[in-house]
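Coordinate analysis (summary)
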Amino acid sequence: MKAIPSSTDVGEQVLEFIHHPEGKDFNTLALAVFAYQFRLNLPYQRFCLGRGRTPETVTRWQDIPAVPTVAFKELDLTCGPPQKIFLTSGTTRGQDKRGRHFVPDLRLYHDSALAHFAACLLPDARSLPMLALIPAPDALPASSLTQMTEWVITELGGVGSQYFIDTAGIHLEAFVDAVARAQQAGTAVCILALTSALVAFFDWCESHGRTFALPRGSRIMDTGGNKGKGRAISRNGLLQSCWKYLKVPGYYCVNEYGMTEMASQFYDNVLRNRFLRSTQPRYKIGPPWVRTLVVDPETLTEVPPGQPGLLRHFDLANCGSVMAIQTDDLGYAIGEGFEIMGRAPGAEARGCALALDEFLAAQ
Amino acid sequence: MKTHDTVTPSPAELQVIIDRLLAARACVWQHRPLHSVLASLAATAAVFLDPTSQARGEVEALLPAETGLSPAMIHHVLPLLFQEYCAERLAALVHEELGDPDILDTFVPALGSQRKAYSPALITQVLAGNLPGAGLDSVIFALLVKAATLVKASSLAPSLPLIFARTLADIDPDLGACLAVVSWAGGQAALEEIAYARADIVLASGADESLAAIQRRVRGRFIGYGHKVSFSVIARERLGDAAELARQAAYDVVLFDQRGCLSPQLVYVEAGGAVSPGEFAALLAHALEQWQTVLPRGAIPAEASVAIRRVRDETEWQALAGKETTLYASAQGTEWTVIYEADPRFVPSPLYRTVRVKPFSTLAQLKDAIMPWRAHLEAAGVAAGPARLREIADMLGQVGVSRIARIGTMQIPPLSWRHGGRPRLADLVRWVTLEEA
């Protein structure tokens, strides 16, 4: 009979994987995490049984049943009492119900988030002042992004790190001052920003006729997109603005893609490529303890690289909740990672019926 | 077969197209009595009813790719689309809405005085979606009242309007010269300015924001058909034959892959009948599965698959969480989905054969459920005993539904239906009274 590992065993194994991923087998640990979650996360167990998938029948991580993100709005998906509950923003698609991610062991989130942030934003292991256009923890205490930002600033940030969004709102002028000071002092900085806040800063620069030149080595991480907030901007438009207003080149601009339901994140590979002298094109990469499948939205089977589909992530750091997450983000596999896609053109020519998405968009 | 590409005109070319339309219309308006116009329109429709005609063959070959509907669906719906435009039915419509068929040509007696109807010189029609036949009724009605018509077809699906125009021109070159089909991708301000500003009436269908954008450029009258939602109501006394009703209700869902404004997105089933609302959902699911083999669903955009997956996931997890809801879904892809939900709230569907079944106990409860949607309601398919049909119809009419149809016929509106709650022909013309001593 197969011994079922105890909770601490599996969690410690994942931590060990995060700290020393070299030579470790993802599949073995993924199956152990699945067995653990199947045993302790009872709603997930019911879901798996409904699909006829159990630790006895699943032998490949790709076959572990993936939970859609909407599930986090309906049930408490956890393997134990949470140390912290993170809430989704709840504003997407007009739904007021917020998703809840229970995290029984914050160490997994902490170690995963910091390790991959460092790999993608600080491959040169520098300690840079972090200028955060992301809400301070007390402004948004239930947000996983603010939690992660707080860890990044306190543990990886250099002297002079600071938040520019708090309970009172965004402090653009203070941010401008900090940018100007960094330029004057010749101190490279790392900007951590909500995409929408970064766009607000560029708009400020445009209307005030100001441009800056941050010292070499400065970098920008943006996250969250800016749908529905302020003006829309394309990825290329954003990169051009980073150069125009801050003189930060595109290969020092890293977009983060993450979700409340996941302890691990994905980042553009560009800054890492620069230091590894890799010639890969820009795309998103996850850490070694995460795998991503792209599945056909019709059949939910894996599609070949390059072909669009839904992203399905398997995150070992989600050991305490659910490892396999089915998103409704469309993307395609490329190289070692994937890229997110925008809306397909022409999709609007549908008919004359009012559909759910149109109704939600209008709300 | 070659697709029918419309060539995007330059602004100067569009001016010339409109000049020619107006000249052709002046000629028809003066020299062609309404009955002869009607005969040519009916003859054109008849070509599309003839399975051996070249036009029908072209349309059947081209429309699956343009519309995303399956070839079987196109083959099935073309007769349904064109059968209404036969001479008798068009004549009956003229009689009902205009009275005397000569009223466009001469003053005719009316309530002790005399009356004549004057048609607009130019009607511009914007066909936004790629649903086959959508807006064709307005094109035929405009020509019937002897207005020239500029059709801006969807750049994705111009074939049916183009082949219709060509067929009409073959049958009746004078009348055919009163119809031009053009097309351009969105955002061509100069062309839109000309097309909308020169028209006496602009007719458009589309999402509310697209309609508002068009309306800003219109100098004459604007008639907009916004995106709408339809639904079905099944009274308990009709549930004795629930399997057949489910088959017919499924047919309403299946036609046009549920993309039409007449497609039911929800089915309200009254509690207390021979089968429960929950059981009816299972019957509807079975019927959708059967229809899939006869009229398979067409291709759907990835975003639509994602939206269907999302509501399926929601339902599955709400059921796991103990909510009173059941998911029925096609096994492989997203071909059909039935969601039974005890919660009576009206929720639109992601379309493409995704339908919710909800229970109701009293008409008052049903009314409360649909009331928030009054501005968006189009049609209701109703199955009820003769004693209650009028009561239910009156409630639906009060709330804002403009058409109440038998289940199984929701997608085949008769010409007598007043789309948008307004007359179709009478709304296009201007009335003049002559009072003689």
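Residues numbered from 1 in each chain as written. Chains lettered and ligands numbered in written order. Predicted model: local features only at pLDDT ≥ 70, side-chain atom pairs only at ≥ 80, totals over all residues.

1. Some thoughts on the environment of Gly381(B)
Residue and element names in this part refer to chain B. Stated formally: Secondary structure elements follow DSSP: runs of H or I of four or more residues count as helices, runs of E of two or more count as strands, with numbering from the N terminus. C-beta atoms are placed from the backbone for every residue, and two residues are taken to be in contact when these atoms lie within 7 Å.
Positionally, Gly381 belongs in strand β13 (residues 377-383). Along the sequence, Gly381 and Ala250 sit 131 residues apart, while their C-alpha atoms lie 12 Å from each other. Excluding residues within four positions of it along the chain, Gly381 makes contact with Ser232, Ala249, Asp252, Pro264, Ala405, Arg406, Ile407 and Met410.

2. Let's talk about the packing of helix α2 (residues 34-49) of chain B against helix α4 (residues 71-82) of chain B
Residue and element names in this part refer to chain B. Under the convention used in this document: What counts as an axis is a line fitted to C-alpha atoms, over the stretch in contact for a helix, and the angles between N-to-C directions run from 0 to 180 degrees. Just so you know how the angles are binned, under 35 degrees is roughly parallel, over 145 roughly antiparallel, 65 to 115 roughly perpendicular, and the rest oblique. Note: crossing handedness is left-handed where the near helix turns anticlockwise from the far helix by less than a right angle, and right-handed where it turns clockwise. Each residue receives one of three labels: charged for Asp, Glu, Lys and Arg, nonpolar for Ala, Val, Leu, Ile, Met, Phe, Trp, Tyr, Cys and Pro, and polar for the others, Gly being one of them.
Running from N to C, α2 and α4 point in directions that differ by 160°, and their axes come no closer than 9 Å. Classified by the angle their axes make, α2 and α4 are roughly antiparallel. Considering only the axes of α2 and α4, their crossing is left-handed. Each of Ala45, Phe48 and Leu49 in α2 lies in contact with α4, whose residues at this interface are Leu78, Pro79 and Phe82. Within the contact of α2 with α4, the residues separate by chemical class into six nonpolar, no polar and no charged.

3. What about the confidence of the model for chain A?
In plain terms, the rule: Per residue, pLDDT measures the predictor's confidence, with a range of 0 to 100.
The predicted model of chain A has a mean per-residue pLDDT of 91, with 90% of residues at 70 or higher. Considering each helix and strand of chain A separately, the mean pLDDT is smallest for helix α11 (residues 356-362) of chain A, with a value of 68, and largest for helix α5 (residues 106-121) of chain A, with 98.

4. Some thoughts on helix α2 (residues 26-40) of chain A
Operational definition: The span you would expect from a helix comes to 1.5 Å times its residue count less one. Remark: C-beta atoms are placed from the backbone, and a residue is labelled buried if 20 or more other C-beta atoms sit within 10 Å of its own, exposed if 12 or fewer do, or partly exposed between those counts.
The terminal C-alpha atoms of α2(A), which comprises 15 residues, lie 21 Å apart, in line with the 21 Å expected from a rise of 1.5 Å per residue. By the burial criterion, the buried members of α2(A) are Leu29(A), Ala30(A), Ala32(A), Val33(A), Phe34(A), Ala35(A), Tyr36(A), Gln37(A) and Phe38(A).

5. Here's the deal with the interface of chain B and chain A
One widely used convention gives an interface's size as the accessible area the parts lose upon coming together. Listed by partner, the interface residues are 40 residues for chain B and 30 residues for chain A. Among the elements that line the side of chain B that touches chain A, the one with the most residues is helix α13 (residues 302-320) of chain B, at 12 residues.

6. Things to note about the domain arrangement of chain B
All names here are of chain B. Note the cut-off: Throughout the structure description, domain borders are defined by an automatic or database domain assignment.
Parsing chain B into structural domains produces domain 1 (11-227 + 417-434) and domain 2 (229-406). Here domain 1 and domain 2 have C-alpha centroids that lie 32 Å from each other. Contacts between domain 1 and domain 2 engage 14 residues on the former and 14 residues on the latter. Ranked by residue count, the leading element in the side of domain 1 that touches domain 2 is α4, at four residues. Per-class residue counts for the side of domain 1 that touches domain 2 are seven nonpolar, six polar and one charged.

7. Things to note about α4(B)
All names here are of chain B. Stated precisely, the cut-off is as follows: Summarising the geometry, the arc corresponds to the directions from the helix axis toward the C-beta atoms.
Compared with the 16 Å implied by 1.5 Å per residue over 12 residues, the 17 Å span of α4 between its first and last C-alpha is a close match. Taken residue by residue, α4 has Met73, Ile74, Val77, Leu78, Leu81 and Phe82 as its buried positions. Along α4, the residues classed as buried sweep out an arc of 130° about the axis, all on the same side. Along its buried surface, α4 packs onto α2, α3 (54-67) and α6 (136-144).

8. With respect to the domain arrangement of chain A
Residue and element names in this part refer to chain A. The domain boundaries assigned to chain A delineate domain 1 (8-71 + 289-341) and domain 2 (106-288). Between the C-alpha centres of domain 1 and domain 2 there is a distance of 28 Å. Contact residues are listed per partner, giving 24 residues for domain 1 and 20 residues for domain 2. Mapped by element, the contributors of at least two residues to the side of domain 1 that touches domain 2 are α1 (7-19), β12 (290-295), β13 (309-315), β14 (324-334) and β15 (337-340). Of the residues assigned to the side of domain 1 that touches domain 2, the class counts are 12 nonpolar, nine polar and three charged.

9. Observations regarding the sheet that holds β13(B)
Residue and element names in this part refer to chain B. To keep it simple, the criterion reads: Pairing between strands requires that DSSP locate at least two bridges from one strand to the other.
The strand order across the open sheet formed by seven strands is β10-β11-β12-β9-β8-β13-β14, and the pairing between neighbours is mixed. Lying at the two open borders of the sheet, with one neighbouring strand each, are β10 (325-329) and β14 (403-406). Taken pair by pair, the neighbouring strands of this sheet meet at an average axis angle of 20°, ignoring direction. Of the strands in this sheet, β8 (229-234), β9 (264-270), β12 (354-360) and β13 touch helix α14 (residues 363-370), which is tilted by about 140° from β12. This element, helix α15 (residues 386-399), spans β8, β13 and β14 of the sheet and lies at about 170° to β13.

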